[in-house]
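# Structure assessment
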Amino acid sequence: MTRENGIMRPLEGITVVSLEHAIAAPFATRQLADLGARVIKVERPGKGDFARGYDERVNGLASHFVWTNRSKESVALDLKSEQGQEALRRLVARADVLVQNLAPGAVGRMGFDYDTLAKEHPGLICCDISGFGQDGPDRDRKAYDLLIQAESGFLSITGTQDQVVKAGCSIADIAAGMYAYTNILAAIIERGKTGKGRRIDVSMLEAMAEWMGFPLYYAYEGASQPPRSGAFHATIYPYGPFPTSDGEVMFGIQNEREWASFCQTVLNRPELAEDPRFSPNSARSANREELAAILAETLDHMTSDDLVRALDEARIANAKVNDMAGLWHHGQLQARDRWREVQTQAGVIAALLPPGQNDARMDPIPSPGEHTDAILAEIGLKAEA
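Keep in mind it's a predicted model, so treat the numbers as computed, not measured. (Residues numbered from 1 in each chain as written. Predicted model: local features only at pLDDT ≥ 70, side-chain atom pairs only at ≥ 80, totals over all residues. Heavy atoms only, no water.)

## Examining helix H1 (residues 24–34)
Counting buried residues in H1 gives eleven out of eleven residues, a clear majority hidden from the surface. Every buried residue of H1 is accounted for by Ala24, Ala25, Pro26, Phe27, Ala28, Thr29, Arg30, Gln31, Leu32, Ala33 and Asp34. (Buried < 20%, exposed > 50% of the residue type's maximum accessible area, 1.4 Å probe, protein only. Helix = DSSP H or I, 4+ residues; strand = E, 2+ residues; numbered from the N terminus.)

## Regarding a nonpolar patch on the surface
The grouping of Met324, Leu327 and Trp328 at the surface amounts to a nonpolar patch, some 340 Å² of accessible area in total. Tracing the backbone shows Leu327 in helix H14 (residues 324–328). Leu327 sits in the partly exposed class, given a relative accessible area of 39%. (Patch = residues over 30% accessible without salt bridge, like charges linked within 9 Å, V, L, I, M, F, W, Y side chains within 5 Å. Areas by Shrake-Rupley, 256 points an atom, 1.4 Å probe, with all protein chains shown as cover. Salt bridge = Lys/Arg side-chain N within 4 Å of Asp/Glu carboxyl O.)

## Quick notes on the sheet that holds strand E6 (residues 97–100)
Strand pairing in a sheet relies on backbone hydrogen bonds. The paired strands run either parallel or antiparallel. Spatial strand order, E5-E4-E3-E6-E7-E8: six strands in an open sheet with parallel pairing. In the strand order of this sheet, the two ends are held by strand E5 (72–76) and strand E8 (198–203), each with one partner. Across the sheet, the mean angle separating the axes of adjacent strands is 20 degrees when strand polarity is ignored. As judged from the four bridges shared by E6 and strand E7 (residues 125–130), these two strands associate in the parallel manner. In the strand pairing of E7, Val97 is matched with Ile125. Here helix H3 (residues 82–93) sits on the sheet and contacts strand E3 (15–19), strand E4 (38–43), E5 and E6; the angle it forms with E3, its principal contact strand, is near 145 degrees. The sheet contacts of helix H7 (residues 171–194) involve E6, E7 and E8, and relative to E8 the element is tilted by about 165 degrees. (Pairing = 2+ DSSP bridges. Axes fitted to C-alpha atoms, helices over the stretch in contact; angles between N-to-C directions. Contact = heavy atoms within 4.5 Å.)

## Quick notes on the sheet that holds strand E11 (residues 318–319)
Pairing is antiparallel in the open sheet, where three strands are placed in the order E9-E10-E11. Among the strands making up the open sheet, the edge pair consists of strand E9 (239–243) and E11. In this structure, strand E10 (residues 248–252) lies alongside E11, joined through two bridges in antiparallel fashion. Note on E11: the bridge partner recorded for Met250 is Ala319. Sheet strands in contact with helix H13 (residues 304–313) are E10 and E11, and its direction is about 15 degrees off that of E10.

## Regarding the packing of aromatic side chains
This model, assessed by the stated rule, comprises eleven aromatic pairs. For the pair Phe242 and Phe251, a centre-to-centre distance of 4.6 Å together with 25 degrees between the ring planes defines the contact as stacked. Residue class for Phe251 comes out buried when judged on its relative accessible area of 1%. An aromatic cluster is present here, built from Phe232, Tyr237, Phe242, Phe251, Trp259 and Phe262 joined pairwise through their rings. (Phe/Tyr/Trp six-rings, centres within 6.5 Å; stacked < 30°, edge-to-face > 60°.)

## Some points on the nonpolar core
Counting 36 residues, the largest nonpolar core has Val16, Val97, Val99, Cys127, Ile129 and Ile184 as its most contacted members. Elements with a minimum of two residues in this core: H1, E6, E7, H7, E8 and helix H8 (204–211). Considering each element in turn, this core owes the most residues, nine residues, to H7. Leaving out residues up to four positions away in the same chain, Ile184 has contacts with Leu32, Val97, Val99, Cys127 and Ile200. In terms of nonpolar packing, the next biggest core, distinct from the first, is built from 25 residues, Val42, Ala87, Leu124 and Ile375 among them. (Core = buried A, V, L, I, M, F, W, Y, C linked by side-chain atoms within 4.5 Å.)

The following block contains the structure:
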């Protein structure tokens, strides 16, 4: 385990080589780096990972890139050249894990597929991340985050009755990155028992299909799927943003106990708790327009602060509808000391500790090819080659 200022981290001694770009693979490997793994990011000579050029929002650096690439080393290799491929072979020979999200078949054409590598390195864990998987009729289709949101049915349940809406973050990339990360951790544990590596094949479509489990089963055996309902829950009501006299408050009622408490304490209409139009939840959801009009009779005359106080008294979960400025300054994140500083080529930036970790590695974000000379020297090569 990595020892830094007395801190011990669980993945010290694990070396990850990653042929990565965009979000899914870099997000997976950054989390391995958070736990102390050495992550060597292989980039194209010159500008490197194309995600470096998505925008210039963080002191001239790309917002996606600074999020997913701290604590890594960057080596620039031309993998179309024999010298670049030889350098990669030497790196892989020292690695525990090889991650790649190049186009399907690309690593195989270079001889870096699992079947080829496992013959010489039986303990190697190879994780392939792609849009649709490494086989099947859709293998070679291009796949970006929004396209997979569409393909997986996510867009069909997200938005309003009139228009589908994408997720505001790269949800398909994040899903694939998380399954790559957790499968790699499981494979490391398995290798500790058997001594053998494993091939992991993660597709963005399959990751999103898993996350679509609720609407998928809701539409079981040809039943209608959940309707698009904006920021409201599709099948639970009341659950969503409700207007007040000076704004709106998000709250959700999960069960009949909470519904009775809401009727008593917030609406001051306890008789509604037993009204067959609104109990149980399936009835409330089916009659939501009628119930919304009843709620508005009370909520429209309450301030947001008054409603929050009443909801708290009724023990009903509620939330502010924060924007990004609100998240940057969220009091709970500050109170729990979740912010750290990370070095970049453009100066120090703030970064959140990963969930569940208080001692994660938070090392600099590399510039393109920053560690090329040092890494090539380790494997007996010169950068000039």
